[in-house]
Structures are given as C-alpha cells and as structure tokens.
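The chain contents come next:
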Amino acid sequence: MLAPYGHEAHPAGARAMDSLSYPPPLIERKQEGEMLSEHENKLLCEVGPGTPMGELLRRFWMPVLLSEELPEPDCDPVAVRILGEDLVGFRDSEGRLGVTSAYCGHRHAHLFWGRNEESGLRCTYHGWKYDTEGRCVDMPNEPADSAFKEKISIKAYPAREGGGCIWAYMGPPELMPPELPKYEWTLVPDSHILMTKRLQLSNWAHAGVRLQAAGWSTQTAG
Ligand code: FES
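Residues numbered from 1 in each chain as written. Predicted model: local features only at pLDDT ≥ 70, side-chain atom pairs only at ≥ 80, totals over all residues.

## Remarks on the confidence of the model for the protein
No. 1: Per-residue confidence for the protein gives a mean pLDDT of 83; residues scoring 70 or more make up 79%.
No. 2: Scored below 50 in pLDDT, residues 212-222 shows 11 contacts in the model against residues more than four places distant or in partner chains. (pLDDT = per-residue confidence, 0-100. Contact = placed C-beta atoms within 7 Å.)

This is the structure:
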C-alpha cells in the first residue's frame, strides 16, 4: 500500500499520520455504558457563539430578564449571562429596552456598574456612553469636536417585552422572527401572570426537557 505523500520523508509527519485514523470518525466511539460520547455531549450542550446548538437556539427569541427587574426608565442595569454571553439589560430615559454586551468597548469595564442616565448607559471608568442599540453616543475623554465615538459600538441585541419578560433575539437579523412567541401566558393581561425566576444548575437540554414537560414549546423562525 502506498504511503501518503511525504509520509516516509518526514518522521514527524509519519507519527502524525499514524495517530490519525482515516477517514476520521465523525462521532467518537462511546465508552461502554456511556449514554453520550464526549463529542456528542459537547455537540448537544455547548451553546456559545459559533457552536451548532448555540446557533440553533439563536434563531429564537430568548427570555432574558423579568420585566420587573427593569421597573422604570433609568433604573439600575442588570447583568445576565445568556447562551454563554455576558450581557446587561437596561431601560433608558425614554423607556426603550437595551440588551447589550456587558463590556465597555474601551477597556472592557463591566457595564453593570454603569450609570443609566440621559438616554444611555455610561461606563463608570472613563465615561463612554452607549445607547440601547450599542452605539457610543458620548466620549468625554475625547475633544468635543472628535467624531471618534461614531466608530465605536458594542454588541446589542433587539429586545422586546411581553408576558412579564424581556426577550432578546441573538441570531442573524435576517432570520429574526417578526413576533414574540405566542404562548398562552404571553397573550393574557399582566394581571393574569405570575412570573418568577430561579437558578437551575443544568445544561439547556435538561432544562428544555423540563420546560417542554411543563408545556413550554418552541417557535421556529419560519
Ligand atoms: S473602560 Fe469604559 S470608558 Fe473606559
């Protein structure tokens, strides 16, 4: 049998080839008694940006905060981690919702400590200020006539309110479902809703199975 090109000429290459099975297995073999291989477990459970499941879940509106956590314009921002991303939610002076990266575009100070005032969230380190769409709208450490702030923005996701929740859409803009999911509890008056929040230390697959058992369903982007 012919060796691959260069196999004999380069011992390091030969060792590398010897350590590979060819073609490489798409799914590694499970150990005896394991329900999922490590690869399958990662495929199913990792939800950060760029992961298969992360990209799938980013096709849905995600509930990120309770409405009561942002009770009024210019209230304190709230830090939240969704699909492995650190975010802050805030309600600006006009009541607009913002769900943005938690980190300032300057030195990455956490915007949970930011001052929510005069239509934006101001970083308390050097004062850069962001609107609900993540645009930098003020930069007090630059000359007044500088346009540098126009080049700066942080990640911001579309946010809406419904059913006692604040929802964010974290996927590609062109695939954004036009409406929030129409669950029964999103369609009744606020006086008919009791919304609570709890910390459940599990991966999304376990939580999703429990939610489905409780009547939660998903709505695709169409
Ligand atoms: S770190 Fe936010 S303004 Fe400098």
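## Concerning the pairing of strand β2 (residues 78-82)
No. 1: Direction of pairing for β2 relative to strand β3 (residues 85-91): antiparallel, over a ladder of five bridges. What sits directly across from Ala 79, in β3, is Val 88.
No. 2: Between β2 and β3, which pair antiparallel in sequence order, lie two residues; one of them, Leu 83, sits at a positive phi of approximately 50 degrees. (Pairing = 2+ DSSP bridges. Helix = DSSP H or I, 4+ residues; strand = E, 2+ residues; numbered from the N terminus.)

## What to know about the environment of Phe 60
No. 1: Along the chain, Phe 60 falls in the loop between α3 (52-57) and β1 (61-66).
No. 2: When the C-alpha positions of Phe 60 and Leu 175 are compared, they lie 9.2 Å apart, and in sequence the two are 115 residues distant.

## Section: the environment of Phe 148
No. 1: One can find Phe 148 in the loop between β8 (136-138) and β9 (156-157).
No. 2: For Phe 148, a count of 11 C-beta atoms within 10 Å corresponds to the exposed category.
No. 3: A sequence separation of 12 residues divides Phe 148 from Cys 136, and the C-alpha atoms of the two residues are 9.3 Å apart.
No. 4: In contact with Phe 148, not counting residues within four places along its chain, are Met 139 and Glu 142. (Buried ≥ 20, exposed ≤ 12 C-beta atoms within 10 Å, placed from the backbone.)

## Looking at the sheet that holds β1
No. 1: One open sheet accounts for three strands, arranged β1-β11-β10; its pairing is antiparallel. The sheet is open, and its two borders are formed by β1 and β10 (159-162), each paired with just one other strand. Averaged over all pairs of adjacent strands, the angle between strand axes in this sheet comes to 35 degrees, irrespective of strand direction.
No. 2: In the sheet, β1 pairs with strand β11 (residues 165-169) via five bridges, with the strands oriented antiparallel. Counted as the bridge partner of Leu 65 is Ile 166 from β11. (Axes fitted to C-alpha atoms, helices over the stretch in contact; angles between N-to-C directions.)

## Remarks on the nonpolar core
No. 1: One finds Val 64, Val 99, Ala 159, Ile 166, Trp 167 and Ala 168 to be the most contacted residues of the largest nonpolar core, which totals 28 residues.
No. 2: Among the elements that take part in this core, β11 stands out by supplying five residues, more than any other.
No. 3: In this structure Ile 166 touches Val 64, Leu 65, Ser 67, Leu 70, Gly 89, Leu 97, Ala 159 and Glu 161, once residues within four positions along its chain are discounted. (Core = buried A, V, L, I, M, F, W, Y, C linked by C-beta atoms within 7 Å.)

## What to know about unusual backbone geometry
No. 1: Residue Asp 74 is not a glycine yet carries a positive backbone phi of 65 degrees.
No. 2: Along the chain, Asp 74 turns up in the loop between β1 and β2.
No. 3: Judged by local crowding, Asp 74 falls into the partly exposed class, with 18 C-beta atoms found within 10 Å.
No. 4: Even without a glycine there, the phi angle at Glu 118 is positive, about 45 degrees.
No. 5: Relative to the elements of secondary structure, Glu 118 occurs in the loop between β5 (115-116) and β6 (121-122).

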